[in-house]
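Architecture at a glance
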Amino acid sequence: MAWITAGNDRETIMRSLPGIGDHFAQLYQSFWELPHIPAGILELCRLRLAQLHNSHTDWELEQYPLDPEKKANLRQWSKHAAFTDAERACLALTEVHAMDAQAITDEQADAVKAHFGEVGLVALIQALGVFDGMIRLGLLWGLSAPEGEG
Amino acid sequence: MATKARVQAPDSDTGNPIRDSALGLVPETLQHYLPLNTAIWEAGPLTAAEIELARLRNARHVGCVFCKAVRYDIAIEAGLSEDKVQMINDEFLSSSLTPREKLILAFTDQYLHQPSVPDDDLMQQLQAEFTEHELLHLSLVVAYFNGFSRCAVALGGMPDELPRMEISVPK
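The rules we used
Residues numbered from 1 in each chain as written. Chains lettered and ligands numbered in written order. Predicted model: local features only at pLDDT ≥ 70, side-chain atom pairs only at ≥ 80, totals over all residues. Heavy atoms only, no water. Helix = DSSP H or I, 4+ residues; strand = E, 2+ residues; numbered from the N terminus. Rg over C-alpha atoms; globule rule 2.2 N^0.38 Å. Buried < 20%, exposed > 50% of the residue type's maximum accessible area, 1.4 Å probe, protein only. Contact = heavy atoms within 4.5 Å. Lys, Arg positive; Asp, Glu negative; His and termini not counted. Charge placed at Lys NZ, Arg CZ, Asp CG, Glu CD. 1 Å grid on protein atoms, 1.4 Å probe; cavity = no way out; pocket = protein on both sides within 12 Å on 5 of 7 lines; lining within 4 Å. Points joined across faces, edges and corners; volume = space filled by probe spheres on them. Nonpolar A, V, L, I, M, F, W, Y, C, P; charged D, E, K, R; others polar. Core = buried A, V, L, I, M, F, W, Y, C linked by side-chain atoms within 4.5 Å. Buried area = accessible area lost by both parts, 1.4 Å probe. Salt bridge = Lys/Arg side-chain N within 4 Å of Asp/Glu carboxyl O. Polar contact = N/O pair within 3.5 Å; in protein donor to acceptor, adjacent residues only side chain to side chain.

1. Regarding the overall build of chain B
- Within chain B, the regular secondary structure consists of eight helices and two strands.
- Ordered by position from N to C terminus, the α and β elements of chain B give α-α-α-β-α-α-α-α-α-β.
- Here chain B has a C-alpha radius of gyration of 16 Å; the compact-globule value for 171 residues is 16 Å, and the two agree.
- Oriented by its inertia axes, the alpha-carbon framework of chain B measures out at about 50 × 30 × 30 Å.
- The buried share of chain B, taken over its 171 residues, is 57%.
- Considering only residue pairs separated by 6 or more positions, chain B has 68% of its internal contacts joining residues 24 or more positions apart.
- With 14 positive and 24 negative side-chain charges, chain B shows a separation of 5 Å between the mean positions of the two kinds.

Right, dumping it as structure tokens:
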């Protein structure tokens, strides 16, 4: 159970602060239904963030069904043949965003825009901020054990 | 930092800085951003001055020039002075901020620098000072502003510096 309040998962804990937690959950959910960028690519980016944060719980969570080969080889996304150019562009931006948003280059942003346009770039960057936040909250609250794969 | 904007903001002039920003290009998420932003300020147990402490600590960490320059009027009305804002630096533990204010900054730093369960000492101090709802509110405040400020930085178009500007919470 989390140390911050009763509850064993993020959704339960966030629902315990109605009026804010529900809006947060609705924003998170909205990313999986966007027409501007495929949910499968967002799931790859979310899982890559889980790896970078070493969050086992978020790595195990399936928000959107993926090709198992892609999940198994996500650490090698830049070289593995299973990944498309569009996926690589989004994963490259994801990794830099996770470390320092100021370090994102125009070339990395342009690579995402080449596949998904300006709206797709905005949607991806918004999603990364929310996904990263969800993962950090899980770790901060003690819901995500940093162990094993991830 | 990219000073040139990477996307063209929508051609709108609603007076709402969120709706008129690049975030307005994605109406499917904007419809959730706007009520969440209002709720963060108005629907939780922390005061606006306490929220502003965490927001400005995050802005400093992320390097969001716009976020650092902004002061929300409701936080000032709730008692956040510019003298206190100047104490939101890396020496805040030895400042004249109150113990509660220092704990808000320490919790924010835990989220930003080492997202993990706080050590026993910090956890006990947090649990002694804040209610469960206050800690949950603070968690969501930091998560929201961190994601929002990183989005602003990543989209480019950020000037090197801006003067202090007082604004109201966009509705």
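2. Describing empty space enclosed by the protein
- What the rule picks out here adds up to one cavity of 30 Å³ or more.
- In this structure, the largest cavity spans a volume of roughly 70 Å³.
- Residue classes in the lining of the largest cavity are distributed as eight nonpolar, four polar and no charged.

3. Focus: the nonpolar core
- Counting residues in hydrophobic clusters, the biggest one holds 115 residues, and the most contacted among them are L124 and W141 of chain A together with L140 of chain B.
- Per-element accounting of this core gives the leading share, 18 residues, to helix α7 (residues 106–141) of chain A.
- Ignoring anything within four residues of it in the chain, the contact list for L124 of chain A reads I37, L42, C45, C90, L93 and V112 of chain A.

4. Quick look at helix α2 (residues 21–30) of chain A
- Three or more residues of α2 of chain A are buried, namely G21, H23, F24, L27, Y28 and S30 of chain A.
- Contact partners of the buried residues in α2 of chain A: α1 (10–15), α3 (39–52) and α7 of chain A together with α1 (27–42) and α8 (132–154) of chain B.

5. Here we look at the interface of chain B and chain A
- Of the residues lining the interface, 49 residues belong to chain B; the matching set on chain A comes to 47 residues.
- Across the chain B to chain A interface the summed buried area is about 4100 Å²; carbon plus sulfur atoms make up 69%.
- Considering only the surface of chain B that becomes buried against chain A, R6, L140 and R150 of chain B emerge as the three largest contributors, covering 18% of it.
- Summed over the shared surface of chain B and chain A, the number is two salt bridges.
- Counting the contacts that link chain B with chain A gives 16 residue pairs in polar contact (both at pLDDT 80 or more).
- For the side of chain B that touches chain A, the secondary-structure elements that each account for two or more residues are α1, α6 (99–113), α7 (120–129) and α8 of chain B.
- Here the side of chain B that touches chain A takes 15 residues from α8 of chain B, the largest share from any one element.

6. As for the environment of S95 of chain B
Residue and element names in this part refer to chain B.
- Among the secondary structure elements, S95 is positioned in the loop between α5 (82–85) and α6.
- According to the relative accessible area criterion, S95 is buried, its value standing at 18%.
- Along the backbone, S95 and S116 are 21 residues apart, and their C-alpha atoms lie at a distance of 25 Å.
- Not counting the four nearest positions on each side in its chain, S95 is found in contact with M87 and K102.
- Among the polar contacts made by the side chain of S95, one reaches the main-chain carbonyl oxygen of F92 at a distance of 2.6 Å.

Note that all results are geometric; they support no functional claim without further evidence.
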